[in-house]
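Survey of secondary and tertiary structure
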Amino acid sequence: MVSYFRQLGQFLIELISVVGRAGAVWWQAIWRKPELKNAGLVVRQIYQLGVLSVVIIVLSGFSIGAVLALQGYNQLVKYGSESALGLGVALVLVMEIGPVVSALLYAGRAGSAVTAEIGLMRATEQLSSMEMLGVDPLQRIVSPRLWAGFIVMPILALMFSIVGIWGASLIGVNWLGVHEGAFWSSMQEGVDFYSHVMKGIIKSVVFGIIVIWIAVFQGYDAQPTSEGIAAATTRTVVYSSVAVLVLDFFLTLVMFNF
Amino acid sequence: MEDHVCIQNLTYNRGARRIFDGITLRIPRGKIVAIMGPSGTGKTTLLRLIGGQLRPDTGTIRVNGKSIPDLSRADLFAVRREMGMLFQSGALFTDISVFDNVAFPLRVHTDLSEELIRDLVLIKLQAVGLRGAAGLFPAELSGGMVRRVALARTVALDPSLIMYDEPFAGLDPIAMGVIVQLIKTVNRVYGTTSIIVSHDITETASIADYIYVISDGRLIGSGTPQEMLSHESPRVKQFVKGLPDGPVPFHYPAIDFADELLQDRGSS
Ligand SMILES: Nc1ncnc2c1ncn2[C@@H]1O[C@H](COP(=O)(O)OP(=O)(O)OP(=O)(O)O)[C@@H](O)[C@H]1O
Ligand SMILES: [Mg+2]
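For clarity, every value in this text was computed on a predicted model and none was experimentally measured. (Residues numbered from 1 in each chain as written. Chains lettered and ligands numbered in written order. Predicted model: local features only at pLDDT ≥ 70, side-chain atom pairs only at ≥ 80, totals over all residues. Heavy atoms only, no water.)

1. As for the overall build of chain B
When its secondary structure is counted, chain B shows 10 helices and 10 strands. With respect to the principal axes defined by its C-alpha atoms, chain B has extents near 65 × 45 × 40 Å. Accessible area for chain B stands at about 12,800 Å²; split by element, carbon and sulfur atoms hold 53% of it. Counting 28 positive and 29 negative side-chain charges, chain B places the centres of these two groups 3 Å from one another. (Helix = DSSP H or I, 4+ residues; strand = E, 2+ residues; numbered from the N terminus. Areas by Shrake-Rupley, 256 points an atom, 1.4 Å probe, with all protein chains shown as cover. Lys, Arg positive; Asp, Glu negative; His and termini not counted. Charge placed at Lys NZ, Arg CZ, Asp CG, Glu CD.)

Below you can see the structure in the form of structure tokens.
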């Protein structure tokens, strides 16, 4: 019993200290906005985190859009309302699947890479030697990744949704024969920019901040060994996936007035 | 004139292990000072304390009169621009070329034109004999080459204080001679204060103005190279002559060897 409490206490202390350290890294890095002279660093990270994620986002978005069209059509056609297919697919993608699935993919593709990269820099003393050259790694390494990661996520999520809608239209309209005008006009009438699209974007902004923050911190705080980096990379993917799913629930609860 | 680096009553612990137990030493401006001691006594740790990467438990560390542990993060980074540190592992940036590694501090801290930076980088690389390797990446270099490039990067900004952590390790005799000469030249031409951590008694004695020997968390001797070579303290004598038996322990603190062997027997 006593040892149970001791373990709980140790766990809580460890938790508080991790959250504290993560908060400190984030806080210190975010205010070290990359100077204009270093805009190139952010652009380079936008390429690393964003552009290199485009292929996986497009492929996944297309597949999910296509599947949604197939399954949605099957159900809707029973009630003769297959013309609502465009609306259904668009709403589901823009509000839920787009932000959530692209954030999960982003954590696996970009988050893990950031963690491994920064962790390895720590293990090989590159961060230390940078410090001794008078350059703050929080500014030079961490900050550009935070900013780029945060900028890139909503764009990827939107791209995911748009490609998904395109995939759905290919399947629904061109293959299953849903009336093209009805497909698009139901979407135009039913999807509202402020009450749907904007909320999806807000979600993806939050997910972007969370995923890149976890990734950067896990790398920065990693034990400087091979196992340490492996464990940190795993933690990035697991923690950010869970965080995205849990946050999605709460954001939906709050934003959609339940 | 005030000493460049001034350390007083420094204590530092790593967990339960006491690394430094009241060390006081002074590094005069413009001199080459060597810090020697058996492996694992904390020489690298001492350099990290001076560089502000670690904080002492008690005692003061002053560089140029500034108390390093009390500086804000921003001030600390400003002070470090005046320092150079050659890491034991070299610690080059692996994602950029040799040329860009040496150019890195110049590009970040100065507004020099690319042509001027190019000239400066080539001069530094020429000095360590690796101008031809400018286009290579760190992964394509040998261990000794990595350390020479790191040396070129360390001196790129002509810092007023340079700390060399094992500059001679892993160098062939020719490269060793070149590096010894380079450290001397940098010291003489720029008046750079140099701290050298090394095990190489002969090489170190040949360039150092003053030597400190640390063992077991304490300063066990100090003096000019001549004084050290004829030092009467048995601990210093043992270290300088390289004798395995004596008061300076070769082993990391441990229980008696025979006891540990028997212990394993007993438990299995
Ligand atoms: N990150 C760390 N965590 C715990 N202990 C450490 C750590 N780094 C070093 N130590 C301990 O601190 C002591 C001093 O280490 P340090 O690297 O300063 O030795 P050194 O004098 O530079 O040795 P060498 O000549 O082999 O480089 C060692 O006994 C080591 O066990
Ligand atoms: Mg060392």
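2. Points about the packing of aromatic side chains
Residues and elements named next belong to chain B. This model, assessed by the stated rule, comprises eight aromatic pairs over all chains. Between Tyr 210 and Tyr 212 the ring centres are 5.3 Å apart and the planes differ by 65°, which places this aromatic pair in the edge-to-face class. Its relative accessible area of 29% is what places Tyr 210 among the partly exposed residues. Sitting above the plane of the Phe 77 ring, Arg 80 keeps its charged end 4.9 Å from the centroid. (Phe/Tyr/Trp six-rings, centres within 6.5 Å; stacked < 30°, edge-to-face > 60°. Buried < 20%, exposed > 50% of the residue type's maximum accessible area, 1.4 Å probe, protein only. Lys NZ or Arg CZ within 6 Å of the ring centre and 35° of its normal.)

3. Examining the pattern of salt bridges
The tally for this structure, following the rule as stated, stands at 12 salt bridges over all chains. In this structure, the salt-bridge partner of A:Asp136 is B:Arg73, at a minimum N-O distance of 2.7 Å. A residue pair is termed interchain when its members come from two chains, as with A:Asp136 in the loop between helix H5 (126-132) and helix H6 (137-175) and B:Arg73 in helix H2 (residues 73-80). Assessed through its relative accessible area of 6%, A:Asp136 is described here as buried. A relative accessible area of 26% places B:Arg73 in the partly exposed class. Several salt bridges share partner residues, and in doing so they unite A:Glu96, A:Lys203 and A:Asp248 into one network. (Salt bridge = Lys/Arg side-chain N within 4 Å of Asp/Glu carboxyl O.)

4. Topic: the packing of helix H4 (residues 85-123) of chain A against helix H9 (residues 226-255) of chain A
Residues and elements named next belong to chain A. Contact geometry for H4 and H9: axes closest at 8 Å, N-to-C directions at 150°. As far as their axial angle goes, H9 and H4 are roughly antiparallel. The handedness of the crossing between H4 and H9 comes out as right-handed. Partitioning the contact of H4 with H9 into residue classes produces 12 nonpolar, 10 polar and two charged. (Axes fitted to C-alpha atoms, helices over the stretch in contact; angles between N-to-C directions. Parallel < 35°, antiparallel > 145°, perpendicular 65-115°, else oblique. Left-handed = near helix turned anticlockwise from the far one by under 90°. Nonpolar A, V, L, I, M, F, W, Y, C, P; charged D, E, K, R; others polar.)

5. Let's talk about the interface of chain B and chain A
The interface of chain B with chain A comprises 25 residues on the first partner and 20 residues on the second. The contact between chain B and chain A buries some 2,000 Å² in all, and 53% of this surface belongs to carbon and sulfur atoms. It is B:Arg73, B:Phe77 and B:Phe104 in chain B that bury the most area against chain A; as a group they hold 28% of the surface buried on that side. Our count for the chain B to chain A interface comes out at two salt bridges. B:Arg48 is the partner of A:Glu125 in a salt bridge, and the nearest nitrogen-oxygen pair spans 2.4 Å. Where chain B meets chain A, there are 10 residue pairs in polar contact (both at pLDDT 80 or more). (Contact = heavy atoms within 4.5 Å. Buried area = accessible area lost by both parts, 1.4 Å probe. Polar contact = N/O pair within 3.5 Å; in protein donor to acceptor, adjacent residues only side chain to side chain.)

6. Comments concerning the sheet that holds strand S2 (residues 17-27) of chain B
All names here are of chain B. Read from one edge of the open sheet, four strands run S2-S1-S4-S5, paired in antiparallel fashion. The two strands at the open ends of the sheet, each matched to only one other strand, are S2 and strand S5 (66-67). Direction of pairing for strand S1 (residues 5-14) relative to S2: antiparallel, over a ladder of eight bridges. In the sheet register, Leu 10 faces S2, and the bridge partner there is Ile 23. This element, helix H1 (residues 43-50), spans S1, S2 and strand S4 (58-63) of the sheet and lies at about 120° to S1. (Pairing = 2+ DSSP bridges.)

7. Description of the site of ligand 1
Residue and element names in this part refer to chain B. Taken together, 14 residues lie near ligand 1, and Arg 17, Ser 39, Lys 43, Thr 44 and Thr 45 sit nearest. One of the side-chain nitrogen or oxygen atoms of Arg 17 is found 2.8 Å away from an oxygen atom of ligand 1. One of the backbone nitrogen or oxygen atoms of Thr 41 is found 3.3 Å away from an oxygen atom of ligand 1. In the complex, the protein chains occlude 65% of the 640 Å² of accessible area that ligand 1 would expose alone. Elements supplying a minimum of two residues to the shell around ligand 1: S2 and H1. Among the elements that take part in the shell around ligand 1, H1 stands out by supplying three residues, more than any other. (Near = heavy atom within 4 Å.)

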